[in-house]
Amino acid sequence: MAHEKQTEILNRHVSNFNVLFVKLHNYHWFVKGPNFFTLHVKFEELYDEVAGHIDELAERLLAVKGTPVATMKEYLNTATLKEAEGESSADDMVQALVKDLDTLVEELKGDIETLEEGVGDEATADMLIGIRQSFEKHNWMLRSYLGE
């Protein structure tokens with residue numbers, strides 16, 4: 001049971017981060033307006049970071065004898081995040097990203113607790129704590145950009 005929960009948690013994050021990775025590329029390529037240069041660079045920074053998290057999480061799954069999801073169909077079926085919806089403005093993109101990061105931070109909080117207390121996997125919990133901290137910082141910056 002513990003191994004199944006561990007695998008479910010890690011695969012959800014692998015899936016979410018792959019959906020986020022594609023969404024950030026969409027935003028990077030299609031952002032327009034007076035803040036193009038700022039957001040173009042920020043979206044690239046974020047998708048580069050997310051790519052590292054994907055690899056780290058998938059390799060952790062393999063290390064604990066799990067099987068990472070590895071197709072777009074599996075990502076979309078497993079993820080709690082949704083694909084980009086054709087946001088029309090730079091602010092819409094940032095607002096959608098803030099919402100996604102809010103979702104991820106909340107999921108990470110619960111999953112950290114489950115991994116530590118329910119599964120006894122402090123190593124994976126520690127990995128997720130670092131990711132959560134980074135996402136909280138990015139979300140603060142994005143909210144500041146929006147003037148919130």
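Residues numbered from 1 in each chain as written. Predicted model: local features only at pLDDT ≥ 70, side-chain atom pairs only at ≥ 80, totals over all residues. Heavy atoms only, no water.

**Q** Is there a simple way to think about the pattern of salt bridges in this case?
**A** A side chain of one charge can pair with a side chain of the opposite charge if their charged atoms are brought near each other. Taken as a whole and judged by the stated rule, the model has 11 salt bridges. For Glu45, the salt bridge goes to Lys42, with nearest N and O atoms at 3.5 Å. Of this pair, Glu45 and Lys42 both sit in helix H2 (residues 36-63), 3 residues apart, which is roughly one turn of the helix. A salt bridge links Arg60 to Asp121; the nearest nitrogen and oxygen atoms lie 2.9 Å apart. With Arg60 in helix H2 and Asp121 in the loop between helix H4 (90-119) and helix H5 (122-145), this residue pair connects regions lying 61 residues apart in the sequence. Residue classification places Asp121 among the buried positions, given a relative accessible area of 6%. A network of salt bridges, in which partner residues are shared, links Lys5, Glu8, Arg12, Glu107 and Asp111. (Salt bridge = Lys/Arg side-chain N within 4 Å of Asp/Glu carboxyl O. Helix = DSSP H or I, 4+ residues; strand = E, 2+ residues; numbered from the N terminus. Buried < 20%, exposed > 50% of the residue type's maximum accessible area, 1.4 Å probe, protein only.)

**Q** Please clarify how a negative patch on the surface should be interpreted in this entry.
**A** A surface patch of negative charge is lined by Glu113, Glu116, Glu117, Glu122 and Asp126. Sorting the residues of the negative patch by element identifies H4 and H5 as the ones contributing at least two each. Sorting elements by how many residues they give to the negative patch places H4 first, with 3 residues. Note that Glu116 resides in helix H4. (Patch = residues over 30% accessible without salt bridge, like charges linked within 9 Å, V, L, I, M, F, W, Y side chains within 5 Å. Areas by Shrake-Rupley, 256 points an atom, 1.4 Å probe, with all protein chains shown as cover. Lys, Arg positive; Asp, Glu negative; His and termini not counted. Charge placed at Lys NZ, Arg CZ, Asp CG, Glu CD.)

Scope: geometric values only; no functional claims are made or implied.
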